[in-house]
Amino acid sequence: MSDLKRGLSEAVAAAFAAAGLPAELGRVTPSDRPDLADFQCNGALAAAKTARRDPREIAAGVTATLAADPRLSAVEIAGLGFINMRVSDTALSERANEIAADPRLGASVVEARRRILVDYAGPNVAKPMHVGHLRSSIIGEAIKRIYRFRGDLVVGDAHFGDWGYQMGLIIGAVMDEDPFIKALVEQLNGRNQPVSAEEEKTAFAALHDRVSLEDLDRLYPLAAAKGKADIEYRERARRMTAELQAKAPGYHLLWRHFARVTKVALERDFHALGVDFDLWKGESDVDDLIAPMVKELDAKGLLVDDQGARIIRVARQGDKRDLPPLLVVSSEGSAMYGTTDLATVLDRERSFDPDQVLYVVDQRQADH
């Protein structure tokens, strides 16, 4: 089903062609001034340059041809030669009836099916969601459904935040509060052998009874505030994050428990909103890709040493404002938010080979 804009574009293109001008100049767009018109065409101005004629004269010829089109109640020339079009009530009524009678409501199926990945919601382990997550979730779910309705192969990924500095914060907070958990974690960290399946089962059972999502929701804001105010506490959290990413057995087991209880609750809450994900890949899922990726970035001369950390300078000459660098490796040697996102790009290319990836994020992440 052809929409009004496309149909009018064809009519305006024919009018330009009848005047001996390129048909492609007849492109119709929604009006910049909806108080004056529904659609507009600026082709007369472009035609005037090549034909060396008055743009209003060209526009007058086009509007004369369009005056008899029953879909238009008015065709007028504005300014230097803008063509403004107002759609007739009859055309709007006919269009509305066409859409109402169409099982697909006027939406055509794409000619070639594309592989689309939508990254949205972005919940975090052990951190309560806020209104920004709600906005991203609803917009992302809508985009995913629209692309699927058009016939594309679409995958929705929650992109679980589970591998950064906040993990060190919450691990330290839980250990500070519960001596039993602290002893268990330190005992596992002090061993030179992996945790057995039976030991894991016993440990998870103990953690289930001692650390709930409510505990994590309560402790995280306190730990985050203390991390901002207490340099020593913050540095300890960073060291714990680096050791977690190095797979210290105690930290890793405790982290897995956090991820489990958080995901169960999030899936329940998202489903209640009508939001369901095909993938719950976390930042941790690309951990094995980070070391070779960093090595490749280094070999290409893209990494710069800066105050003990390793960064990529993304600012370019001519930028209208300063752009901060991308922090790839922290001074403690841990992966950062940007690091896991770069590795996630690689993972998606290899595992899904998308034609397009859409990120639904807060405006504050626009630079990232």
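Keep in mind that what you see is a predicted model, and the values were worked out from it rather than measured.

1. Quick notes on the sheet that holds strand β6 (residues 153-157)
Turning to step 1, where the next piece is worked out: What the three strands build is an open sheet, ordered β6-β5-β10; its pairing is parallel. The outermost strands of the open sheet, each flanked by one partner alone, are β6 and β10 (356-359). Adjacent strand axes in the sheet meet at a mean angle of 20 degrees, parallel and antiparallel pairs treated alike.
Turning to step 2, where the next piece is worked out: Where helix α5 (residues 131-149) meets the sheet, its contacts fall on β5 (115-119), β6 and β10, and the angle it forms with β6 comes to roughly 165 degrees.
Turning to step 3, where the next piece is worked out: Taken strand by strand, helix α13 (residues 337-351) contacts β5, β6 and β10, and its axis lies near 140 degrees from that of β10.

2. Considerations on unusual backbone geometry
Turning to step 1, where the next piece is worked out: Positive phi, normally seen in glycine, also occurs at alanine 121, with a value near 80 degrees.
Turning to step 2, where the next piece is worked out: Following the sequence through the fold, alanine 121 ends up in the loop between β5 and α5.
Turning to step 3, where the next piece is worked out: For alanine 121, a relative accessible area of 7% puts it in the buried group.

3. A look at the packing of aromatic side chains
Turning to step 1, where the next piece is worked out: According to the stated counting rule, one finds six aromatic pairs in the structure shown.
Turning to step 2, where the next piece is worked out: Judged by centre distance (4.8 Å) and plane angle (45 degrees), the rings of tyrosine 120 and phenylalanine 277 are tilted. In this pair, tyrosine 120 sits in the loop between β5 and α5 while phenylalanine 277 sits in the loop between α11 (249-272) and α12 (287-299), placing the two residues 157 residues apart along the sequence. Grouping residues by exposure puts tyrosine 120 and phenylalanine 277 together as buried.
Turning to step 3, where the next piece is worked out: Each ring, one from phenylalanine 160 and one from tryptophan 280, has its centre 5.5 Å from the other, and the planes form 85 degrees; the classification is edge-to-face. Here tryptophan 280 lies in the loop between α11 and α12 and phenylalanine 160 lies in the loop between β6 and α6 (165-177), a separation of 120 residues in the sequence. Of the two residues, phenylalanine 160 and tryptophan 280, both sit in the buried class.

4. Examining the sheet that holds strand β8 (residues 309-312)
Turning to step 1, where the next piece is worked out: With antiparallel pairing, the three strands of this open sheet are ordered in space as β7-β8-β9. Across the chains shown, the open sheet's two edge strands, defined by having one partner strand only, are β7 (304-306) and β9 (326-329). The sheet shows a mean angle of 45 degrees between the axes of neighbouring strands, taken without regard to direction.
Turning to step 2, where the next piece is worked out: As defined by bridge partners, β8 adjoins β9 across three bridges and the pair is classed as antiparallel. Note on β9: the bridge partner recorded for isoleucine 311 is leucine 327.

5. What to know about the side chain of histidine 252
Turning to step 1, where the next piece is worked out: The topology assignment puts histidine 252 in helix α11.
Turning to step 2, where the next piece is worked out: In this view, histidine 252 contacts Trp163, Leu244 and Lys247; residues no more than four positions away in its chain are not counted.

6. Some words on the packing of helix α1 (residues 4-18) against helix α3 (residues 55-66)
The relative placement of two packed helices is expressed as an angle between their axes plus a distance between the axes.
Turning to step 1, where the next piece is worked out: Running from amino to carboxyl end, α1 crosses α3 at an angle of 125 degrees, the nearest separation of the two axes being 9 Å. With respect to α3, the element α1 is oriented oblique. With respect to the hand of their crossing, α1 and α3 are arranged in right-handed fashion. In this structure, α1 contributes Ala11, Val12, Ala15 and Phe16 to the contact, and α3 contributes Ile58, Val62, Thr65 and Leu66.
Turning to step 2, where the next piece is worked out: A per-class count over the contact of α1 with α3 returns seven nonpolar, one polar and no charged.

7. Brief notes about the pairing of β8
Turning to step 1, where the next piece is worked out: As judged from the three bridges shared by β7 and β8, these two strands associate in the antiparallel manner. Looking across to β8, one finds that aspartate 306 is bridged to alanine 309.
Turning to step 2, where the next piece is worked out: What sits between the antiparallel neighbours β7 and β8 is a turn of two residues, in which glutamine 307 has the positive phi angle 55 degrees.

8. Concerning the environment of isoleucine 171
Turning to step 1, where the next piece is worked out: Here isoleucine 171 lies in helix α6.
Turning to step 2, where the next piece is worked out: Accessibility expressed as a relative area gives 0% for isoleucine 171, which makes it buried.
Turning to step 3, where the next piece is worked out: As a C-alpha pair, isoleucine 171 and tyrosine 220 span 49 residues in sequence and 9.5 Å in three-dimensional space.
Turning to step 4, where the next piece is worked out: Sequence-distant contacts of isoleucine 171, defined by excluding residues within four places in its chain, comprise Met240, Leu244, Tyr251, Leu254 and Phe258.

9. A look at the pattern of salt bridges
Turning to step 1, where the next piece is worked out: A full pass over the atoms with the stated rule returns 28 salt bridges.
Turning to step 2, where the next piece is worked out: Of the charged contacts, one joins arginine 364 and aspartate 362 as a salt bridge, the two residues approaching to 3.0 Å between their closest N and O atoms.
Turning to step 3, where the next piece is worked out: Using a relative accessible area of 18% as the deciding quantity, one classes aspartate 362 as buried.
Turning to step 4, where the next piece is worked out: Residues joined in a network through salt bridges with shared partners are Asp119, Asp157 and Arg348.

Analysis parameters
- Residues numbered from 1 in each chain as written.
- Predicted model: local features only at pLDDT ≥ 70, side-chain atom pairs only at ≥ 80, totals over all residues.
- Heavy atoms only, no water.
- Pairing = 2+ DSSP bridges.
- Helix = DSSP H or I, 4+ residues; strand = E, 2+ residues; numbered from the N terminus.
- Axes fitted to C-alpha atoms, helices over the stretch in contact; angles between N-to-C directions.
- Contact = heavy atoms within 4.5 Å.
- Buried < 20%, exposed > 50% of the residue type's maximum accessible area, 1.4 Å probe, protein only.
- Phe/Tyr/Trp six-rings, centres within 6.5 Å; stacked < 30°, edge-to-face > 60°.
- Parallel < 35°, antiparallel > 145°, perpendicular 65-115°, else oblique.
- Left-handed = near helix turned anticlockwise from the far one by under 90°.
- Nonpolar A, V, L, I, M, F, W, Y, C, P; charged D, E, K, R; others polar.
- Salt bridge = Lys/Arg side-chain N within 4 Å of Asp/Glu carboxyl O.

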